[in-house]
Amino acid sequence: METRAQVYEGKAKILYATDDPTLLVQHFKDDATAFNAKKRGTIHDKGVVNNRMSEHLFRYVEAHGVHTHFVERTDDRRMVVRRLTMLPIEVIVRNRIAGSLAKRIGVKEGTAARRRIIEFSLKSDALGDPLLTDDHILALGLVEEETLNEVKRIAGQLDDLLTAFFAQRGLELIDFKVEFGLDAEGRLTLGDEICPDTMRLWDMKSGEKKDKDRFRHDLGQVEETYQEVLARVLAD
Ligand code: 5GP
């Protein structure tokens with residue numbers, strides 16, 4: 001697939017146009033940021049891990065009925081994806097209270113949730129991705145009601161699929177962030193990436209954190225952990 005002009009550069013990825021207007025190439029970088037880019041660094045070969053892991057998980061959820069933007073992985077750091085018109089929201093699914101939620105409401109990290117939490121934030125680096133309620137989204141016309149309901153349904157389905165997938169590999173899925181868009185036919189499609197940058201995974205035996213929190217909180221063994229999670233994901 002021939003790449004043309006760069007259409008977007010984010011903190012962890014670059015998107016390139018291709019000779020097909022409906023397809024983009026998604027390139028995964030080693031750059032890492034945290035706390036709204038206040039902390040910056042690189043994680044050696046993170047891009048390779050995130051590309052492989054996203055490929056594997058996109059294939060897995062697609063096989064279970066979730067429409068994704070993934071088309072094919074072309075090399076270590078790149079995959080071809082469908083061009084989407086992204087919804088202006090991030091979708092966060094939580095199975096335990098951790099991260100920004102634990103901090104915001106003063107609850108101990110790891111506290112069990114009685115039920116799954118699905119929350120939304122505005123995609124805005126400048127504003128630090130502020131939390132949005134359903135009413136905000138609908139009142140501001142950010143997403144149509146029917147689409148928002150479908151987003152919630154698919155987010156729950158993804159949580160069930162990914163929780164089971166990681167449990168088989170000895171990892172508890174604590175929370176994750178996904179992004180959706182509409183493809184050329186207007187179909188709601190899972191975009192972005194699914195990798196240790198965008199989810200929390202805790203080892204079921206040791207309780208150790210196996211995700212980007214190792215970088216965020218200087219816990220050490222960052223590169224090794226990304227490699228370990230990839231190996232666990234790829235194991236049958
Ligand atoms: P929290 O809101 O607790 O910081 O994040 C909840 C979950 O969503 C975590 O798994 C976190 O990695 C992911 N997440 C939320 N916002 C972002 C974001 O802007 N970038 C990335 N990479 N992950 C995010």
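The rules behind these values
Residues numbered from 1 in each chain as written. Predicted model: local features only at pLDDT ≥ 70, side-chain atom pairs only at ≥ 80, totals over all residues. Heavy atoms only, no water. Salt bridge = Lys/Arg side-chain N within 4 Å of Asp/Glu carboxyl O. Helix = DSSP H or I, 4+ residues; strand = E, 2+ residues; numbered from the N terminus. Buried < 20%, exposed > 50% of the residue type's maximum accessible area, 1.4 Å probe, protein only. Near = heavy atom within 4 Å. Polar contact = N/O pair within 3.5 Å; in protein donor to acceptor, adjacent residues only side chain to side chain. Areas by Shrake-Rupley, 256 points an atom, 1.4 Å probe, with all protein chains shown as cover. Nonpolar A, V, L, I, M, F, W, Y, C, P; charged D, E, K, R; others polar. Pairing = 2+ DSSP bridges. Expected span 1.5 Å × (residues − 1). Axes fitted to C-alpha atoms, helices over the stretch in contact; angles between N-to-C directions. Parallel < 35°, antiparallel > 145°, perpendicular 65-115°, else oblique. Left-handed = near helix turned anticlockwise from the far one by under 90°. Contact = heavy atoms within 4.5 Å. Domains from an automatic or database assignment. Buried area = accessible area lost by both parts, 1.4 Å probe.

Colleague: When you look at the pattern of salt bridges in this model, what are you seeing that I'm missing?
Modeller: If charged atoms from side chains of opposite charge come close, those side chains can pair. Tallied over the entire structure, the rule returns 30 salt bridges. Salt-bridge contacts for Glu55 lead to Arg73; the nearest nitrogen and oxygen are separated by 2.6 Å. With Glu55 in helix H1 (residues 46-63) and Arg73 in strand E6 (residues 70-73), this residue pair connects regions lying 18 residues apart in the sequence. Judged by its relative accessible area of 12%, Glu55 is buried.

Colleague: Honestly, the site of the ligand in this entry has me stumped. Any pointers?
Modeller: Surveying the vicinity of the ligand reveals 15 residues, the closest of which are Arg94, Ser100, Asp175, Arg200 and Arg216. Within the contact set of the ligand, an oxygen atom lies 2.9 Å away from a side-chain nitrogen or oxygen of Arg94. Within the contact set of the ligand, an oxygen atom lies 3.3 Å away from a side-chain nitrogen or oxygen of Asp129. For the ligand, whose unbound accessible area comes to 490 Å², protein coverage reaches 81%. Sorting the residues of the shell around the ligand by element identifies strand E9 (89-97), helix H2 (99-105), strand E12 (171-178) and strand E15 (199-203) as the ones contributing at least two each. Of the residues contributing to the shell around the ligand, the split by class is four nonpolar, three polar and eight charged.

Colleague: Explain the sheet that holds strand E8 (residues 85-86) here, please?
Modeller: Backbone-to-backbone hydrogen bonds pair the strands of a sheet. The strands run either parallel or antiparallel. Read from one edge of the open sheet, three strands run E8-E13-E14, paired in antiparallel fashion. Of all the strands in the sheet, the pair left with one neighbour each is E8 and strand E14 (188-190). Relative to E14, strand E13 (residues 180-182) is paired through three bridges, and the arrangement is antiparallel. Considered in E14, the bridge of Gly181 is made with Thr189.

Colleague: Just checking my understanding: could you explain unusual backbone geometry for this structure?
Modeller: Generally, phi is negative for residues other than glycine and the peptide bonds are trans, each holding for most cases. In the Ramachandran plot, Ala37 falls in the positive-phi region, its phi being about 70° despite a non-glycine side chain. Among the structural elements, Ala37 can be located in the loop between strand E4 (31-34) and strand E5 (39-42). The phi dihedral of Asp192 falls on the positive side, at around 60°, and the residue is not glycine. Its place among the elements puts Asp192 in the loop between E14 and E15.

Colleague: Sorry if this is basic, but what is going on with helix H4 (residues 145-167) here?
Modeller: For the α-helix, the turn length of 3.6 residues means that residues three or four positions removed from each other point alike. Along its 23 residues, H4 runs 33 Å from first to last C-alpha, staying within 8% of the 33 Å computed at 1.5 Å per residue. Those residues of H4 lying buried are Leu148, Val151, Ile154, Ala155, Gly156, Leu158, Asp159, Leu161, Leu162, Phe165 and Phe166.

Colleague: Whenever I open this one, the packing of H1 against H4 confuses me. Can you help?
Modeller: Two quantities define a packed helix pair, namely the angle between the axes and the distance from one axis to the other. Their axes nearest at 11 Å, the elements H1 and H4 cross at an angle of 120°. Overall, the two elements H1 and H4 adopt an arrangement that is oblique. As H1 packs across H4, the resulting crossing turns out to be right-handed. Mapping the contact onto sequence places Met53, His56, Leu57, Tyr60 and Val61 in H1 and Leu158, Leu161, Leu162, Phe165 and Phe166 in H4.

Colleague: Can you help me understand the environment of Val49 in this one?
Modeller: Relative to the assigned elements, Val49 resides in helix H1. Residue classification places Val49 among the buried positions, given a relative accessible area of 1%.

Colleague: Mind showing me how you'd approach the pairing of E12 here?
Modeller: For a regular strand, the rule is simple: side chains alternate between the two faces of the sheet. The buried fraction of E12 amounts to seven of the eight residues, a majority that puts the element mostly inside the structure. Where E9 and E12 come together, four bridges link them in antiparallel fashion. Along E12, the bridge assignment pairs Arg94 with Asp175. In this sheet, E15 lies alongside E12 in antiparallel orientation, the contact comprising five bridges. Residue pairing across strands places Leu171 opposite Asp203, the latter belonging to E15.

Colleague: What's the story with the domain arrangement of the chain in this structure? I'm lost.
Modeller: Interfaces are often sized by the accessible area lost when the parts come together. Here the domain parsing of the chain yields domain 1 (3-82) and domain 2 (85-226). Here the C-alpha centroids of domain 1 and domain 2 sit 17 Å apart. Tallying the contact residues gives 32 residues for domain 1 and 31 residues for domain 2. When the area that domain 1 buries against domain 2 is broken down by residue, the three leading residues are Ile43, Tyr60 and His67, summing to 21%. Connecting domain 1 to domain 2 are five salt bridges. Inspection of the region where domain 1 meets domain 2 yields 18 residue pairs in polar contact (both at pLDDT 80 or more). Elements with a minimum of two residues in the side of domain 1 that touches domain 2: strand E3 (23-28), E4, E5 and H1. Of the residues forming the side of domain 1 that touches domain 2, the biggest block, 10 residues, is contributed by H1. Split into classes, the residues belonging to the side of domain 1 that touches domain 2 amount to 13 nonpolar, 14 polar and five charged.

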